[in-house]
Amino acid sequence: MQKCTDEETFYMHCRAAYLTVFRSSLASITSKHQLCRVLQQAGRNPSQATLNKHWTPRTTKLNFDDFCEIVKNERPTEAHELMRAFRKMDINGDGYISHSELHIVLTSRGEKMAAKEVDAIFSLADTNKDEFAIFTILFPSLERLEADAKLKRQNFGNELDSPPKSLASTAVTVPQPPHKTEPDITLKKDSRSSSRPSSARSRRSSLSNAITMAASSTKSIKLAEPTSIQDWHHTCMKGSFFLEEDGGITSLQYRLTVPQTATVYLTIRPLNLSQRLEKPSSWMSVDTAVFVVSGKDTKEDSTLVCFTESRDKEKCCWKGELSAGTYCLLPFTTGCRLRKRTRNSVSKPVTLVNRTDTGELDLTRDFRGALSDIFEVIDLDGNGLLSLEEYNFFELRTSGENCDEEAWAVCKENFDTRKNQLSRQGFMELNLMEASERGGDPTDLWVTLEAMGYNRNLEMVEACPFLIDVYCEEGQCTLQPVSLESGHRILNTALQRSITARSDVKTLRGQENVLVYTYRGEHRISTVIANKTNQKVTVHVNNEQSKNCSSSRGMSVFAVEVPARTKMVCQHVLPINEHQEWTYSCVESIIPCQ
C-alpha cells in the first residue's frame, strides 16, 4: 500500500474528525458550539478565547476548508499536558477517576461545562464500576474515529474527496496512550459493527455491473458536422457553469424559438478564453451537454425532446428535426471534472489595483486580463458589447441584484458605450470606479472575482465557460438567455428520463421493486435508481473495481438514500484519461434498516 504523504494524513484526520460531527464534509459549521465539538474531535482543546477568535459576531458559517485552516493553525493538545491534569485528580494514582470527582471538576472549574455535556462525555466513556480511564474520553482511537467517518461516508457520500492543496504539509500529531510503564491506563477498540452489509447479506441483495469502454482516440465519430452547414442559418450564445459553495452547479437557461419545422444541428463545447494557443484553458476537458425540453415550465408538463448525445472532438452535438415552437435549452455537466477546490491561501494574492506615477489608482495588467475574460463570458451574443440584460446576469451572479434602467442610464453617461451598450473599455472603467470609491481596497473586487470562479491567483478554477451553436437548415432560429439557476427541476427530470429511456435496467437481487438503470453513452456512464416501494431505501454503491474512472460523487464507495416511489440519479462516471481504456465496475446493494 502506498504510504500517505503528510498532507494526505493531515487531511484524513481532519476529515475523520469532521465526519464524526457532520454527515458530510459539504455541511457547514453553523454555531460556535459545533465549532468547539469538531475541534475537540480533531485533538484540539479550544478555549473560549480561541473560539471567539474564529467565530466572531459576524460569522454565520464555516465550511470544511475553513475548519482545516483552523486546525492547521491551532496547536494540538499534548498528551503530557492532559496527563499532568489527570494526575491532579487521580488521587490514589490507579489511573482512574470516579464519576463524582470528575463531575465536580468539569462543572465548577475553569470554563465550566453544563451537567448535560458532562453526562454526554460519560456516555462515551470506558466505564468500570463508576470509574473510567481518561484516555477513553479524551483520546478516542484513530481506528474508532476512522470507522465512524467511514460509516458516514458510505451512508451518504460526498462530492469532495481529494486533499485540499492549500493545507500545510505537516502531519497532525495524533495523541497516543502513555508508554507501557504507565500501568492500568489502556485504550479499548470500539466494538461497534461496520456499516457495510455482511458479505452473505450483500450477495443476496446486490447487483454487479461491469462495462469496458474504449479510449476516445479509437472511437468512431457517430455524428459529424453537416457538409453544407455554411449555408444553414446560424445563431449562438455563450454561458458558463459556476460551482456553488455547496458543490451545486449554476448555469444560464435558454429559450430556443423554431419558426417552422426544420433540421437542426445543435452543439455545445467549452469556450477557450486563453490568449496563448499553447496554453489552453484549464476547463477545456470539462464535459458539456444540452438538454432540449418542450412544454410548460413545470416538471409534470415538460417533455424531453433530445439531448446532445454524440461527440465530435471537443463538441457534444445532436442533429434532428424540430417542429415549429418554443423550447427550453438546459446546459448540463456531470461534475466529474468541475469540482469544488480549496481556495489557495497564498501569502500574497495577485495585486488588483496599484497607483500610477501621478498617484492615481489604476487596474493592474493581471486584473485587466481577468476582467477581459469575464467580459468575454458575459458578452453572451458575442457582439463585443454588453446589453443591460447581459450586464444584469453578471450583476445577479456577483451581487444578487439587478441594475435598473435609471442606474444603466448613469452607466452610459459615465463610461464608454456604443449603440447604448457597454463596451469592453467601459466595463474596465466601471470596475476602476468601484475600486476608486473604496480607496483601492480590493475586498469587493475579490468577491466579484470569486463569484465568477477565480481563485486568489486569478485563475478561473471553479467555472467553465461554454458556447452553444444552433444551425437551422430551414428558417432562422432565435436563442435567448432566460434565467440563471442551480439544480433546475426540469433539468433533473430531463436527465432522469434521458437515462431511463436508453438504459439497461436490472433489479437488485431480492428487491424486485428497486431498479438500477445504467446508461452507456459515447463518453459517459450514468445510473438512476428507482425505488418503487412505499418506504425509503438506502443503496450502497461500490466502484472500487473500476479502472481509470472518475465519479461525480467524488468517491469510489458511497450510498444514496432514495425516498419511497422516487427515481434518483445515482452517479455519472467519466474516464480520468480519455486516451486510455476505462472500465466501469459497480456493485449496488441494499443497506438494511437498522
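Under an unreviewed UniProt entry, the name given to the chain is Phosphoglucomutase 1, and the source organism is Salmo trutta. The record in UniProt for the chain states the following under Subcellular location (unreviewed entry): "Membrane".

Turning our attention to helix H2 (residues 32-41). Within H2, burial applies to Leu-35, Cys-36, Val-38 and Leu-39. At the C-terminal side of H2, Gly-43 shows a positive phi close to 85 degrees.

Mapping Lys-238 onto the fold places it in strand S4 (residues 233-243). Within the structure, the side chain of Lys-238 is placed 2.7 Å from the backbone oxygen of Glu-376, a separation counted as a polar contact. Here Asp-379 takes part through its backbone oxygen, which lies 3.2 Å from a polar atom of the side chain of Lys-238.

Here we come to the sheet that holds strand S14 (residues 385-386). Strand order across the open sheet formed by 3 strands is S14-S16-S15, with antiparallel pairing between neighbours. A strand with exactly one partner marks an edge of an open sheet, and here the two such strands are S14 and strand S15 (417-418). Here S15 runs beside strand S16 (residues 421-423); their pairing, made up of 2 bridges, is antiparallel. Pairing of Arg-418 across the sheet is with Gln-421, part of S16.

So, about the pattern of salt bridges. Oppositely charged side chains may form a pair once their charged atoms are brought near each other. For the structure on display, the rule yields 15 salt bridges. A salt bridge links Lys-53 to Glu-74; the shortest N-O distance between them is 3.0 Å. With a gap of 21 residues between them, Lys-53 in helix H3 (residues 48-54) and Glu-74 in the loop between helix H4 (64-73) and helix H5 (79-89) connect regions that are remote in the sequence. According to the relative accessible area criterion, Lys-53 is exposed, its value standing at 53%. Judged by relative accessible area, which is 14%, Glu-74 ranks as buried.

Pairing is antiparallel across the open sheet formed by 4 strands, whose spatial order is S3-S26-S22-S24. Two strands bound the open sheet, and with one partner strand each, they are strand S3 (206-213) and strand S24 (557-562). Across this sheet, the average inter-strand angle for adjacent strands is 20 degrees, counted without regard to direction. Of the pairings in the sheet, the one linking strand S22 (residues 537-542) to S24 comprises 6 bridges and is antiparallel in character. Directly across from Asn-542, in S24, lies its bridge partner Val-557.

Moving on to the environment of Thr-527. In this structure, Thr-527 sits in strand S21 (residues 525-531). Judged by its relative accessible area of 1%, Thr-527 is buried. Taking C-alpha positions, Thr-527 is 7.0 Å from Ile-499, a pair spaced 28 residues apart along the chain. Among residues more than four places away in sequence, those in contact with Thr-527 are Ile-499, Tyr-517, Thr-518, Met-568, Val-569, Cys-570, Gln-571 and Tyr-584.

Taking 1.5 Å of rise per residue, 12 residues should cover 16 Å, and helix H16 (residues 489-500) covers 17 Å from first to last C-alpha, within 8% of that figure. What H16 keeps buried is the set Ile-490, Leu-491, Thr-493, Ala-494, Leu-495, Gln-496, Ser-498 and Ile-499.

Its identity as a non-glycine residue notwithstanding, Asn-420 has a phi of 60 degrees, on the positive side. Residue position: Asn-420 is located in the loop between S15 and S16. Unlike most non-glycine residues, Arg-565 shows phi in positive territory, near 50 degrees. Turning to its location among the elements, Arg-565 is positioned in the loop between S24 and strand S25 (566-575).

Moving on, we get to the confidence of the model for the chain. For the chain, per-residue confidence averages 80 on the pLDDT scale, and 73% of positions sit at 70 or higher. Across residues 133-204, confidence stays below pLDDT 50; counting only partners more than four residues off in sequence or on other chains, it has 154 contacts.

Formed by 67 residues in total, the largest nonpolar core has its most connected members in Leu-256, Leu-329, Ile-374, Phe-427, Leu-449 and Ile-468. When residues of this core are sorted by domain, at least three fall in each of domain 4 (229-340 + 464-484) and domain 5 (353-460).

Our focus in this paragraph is the packing of H2 against H4. Packed helix pairs are characterised by how far apart their axes lie and by the angle those axes make with each other. The geometry of H2 relative to H4 is characterised by a closest axis approach of 11 Å and an angle of 55 degrees between their N-to-C directions. Taken together, the axes of H2 and H4 lie oblique to each other. Both H2 and H4 take part in a crossing whose hand is right-handed. Every residue of H4 that contacts H2 at Leu-35, Val-38 and Leu-39 is listed here: Phe-67, Ile-70 and Val-71. Here the residues of the contact of H2 with H4 are counted per class, giving 6 nonpolar, no polar and no charged.

This paragraph deals with the packing of helix H12 (residues 388-398) against helix H15 (residues 443-451). Across the interface, H12 lies against H15 with an axial gap of 9 Å and an inter-helix angle of 105 degrees. Between H12 and H15, the angle is such that the two are roughly perpendicular. Contacts between H12 and H15 involve Phe-394, Arg-397 and Thr-398 on the former and, on the latter, Val-447, Thr-448 and Ala-451. Tallied by class, residues from the contact of H12 with H15 come to 3 nonpolar, 2 polar and 1 charged.

Moving on, we get to the environment of Ile-70. The residue Ile-70 is located in helix H4 in this model. Separated by 31 residues in sequence, Ile-70 and Leu-39 place their C-alpha atoms 8.5 Å apart. Setting aside chain neighbours within four positions, we find Ile-70 in contact with Leu-35, Leu-39, His-54 and Leu-62.

To continue, consider the packing of aromatic side chains. One pass over the structure, following the stated rule, counts 13 aromatic pairs. Look at Phe-291 and Phe-332: their rings are 5.6 Å apart centre to centre, the planes differ by 80 degrees, and that puts the pair in the edge-to-face class. With Phe-291 in strand S7 (residues 289-294) and Phe-332 in strand S11 (residues 325-332), the pair connects residues that are 41 residues apart, well separated along the chain. Like Phe-332, Phe-291 is buried. Plain terms: the ring middles of Phe-307 and Tyr-519 are 6.3 Å apart, the flat faces sit at 65 degrees to each other, and that makes the pair edge-to-face. With Phe-307 in strand S8 (residues 303-307) and Tyr-519 in strand S20 (residues 511-520), the pair connects residues that are 212 residues apart, well separated along the chain. Here Tyr-519 falls in the buried class, since its relative accessible area comes to 3%. Grouping aromatic residues by their ring pairs yields a cluster made of Phe-375, Tyr-391, Phe-394, Trp-408 and Phe-427.

About the criteria used
Residues numbered from 1 in each chain as written. Predicted model: local features only at pLDDT ≥ 70, side-chain atom pairs only at ≥ 80, totals over all residues. Heavy atoms only, no water. UniProt positions renumbered as here; feature names shortened; annotations may be inferred. Buried < 20%, exposed > 50% of the residue type's maximum accessible area, 1.4 Å probe, protein only. Helix = DSSP H or I, 4+ residues; strand = E, 2+ residues; numbered from the N terminus. Polar contact = N/O pair within 3.5 Å; in protein donor to acceptor, adjacent residues only side chain to side chain. Pairing = 2+ DSSP bridges. Salt bridge = Lys/Arg side-chain N within 4 Å of Asp/Glu carboxyl O. Axes fitted to C-alpha atoms, helices over the stretch in contact; angles between N-to-C directions. Contact = heavy atoms within 4.5 Å. Expected span 1.5 Å × (residues − 1). pLDDT = per-residue confidence, 0-100. Core = buried A, V, L, I, M, F, W, Y, C linked by side-chain atoms within 4.5 Å. Domains from an automatic or database assignment. Parallel < 35°, antiparallel > 145°, perpendicular 65-115°, else oblique. Left-handed = near helix turned anticlockwise from the far one by under 90°. Nonpolar A, V, L, I, M, F, W, Y, C, P; charged D, E, K, R; others polar. Phe/Tyr/Trp six-rings, centres within 6.5 Å; stacked < 30°, edge-to-face > 60°.

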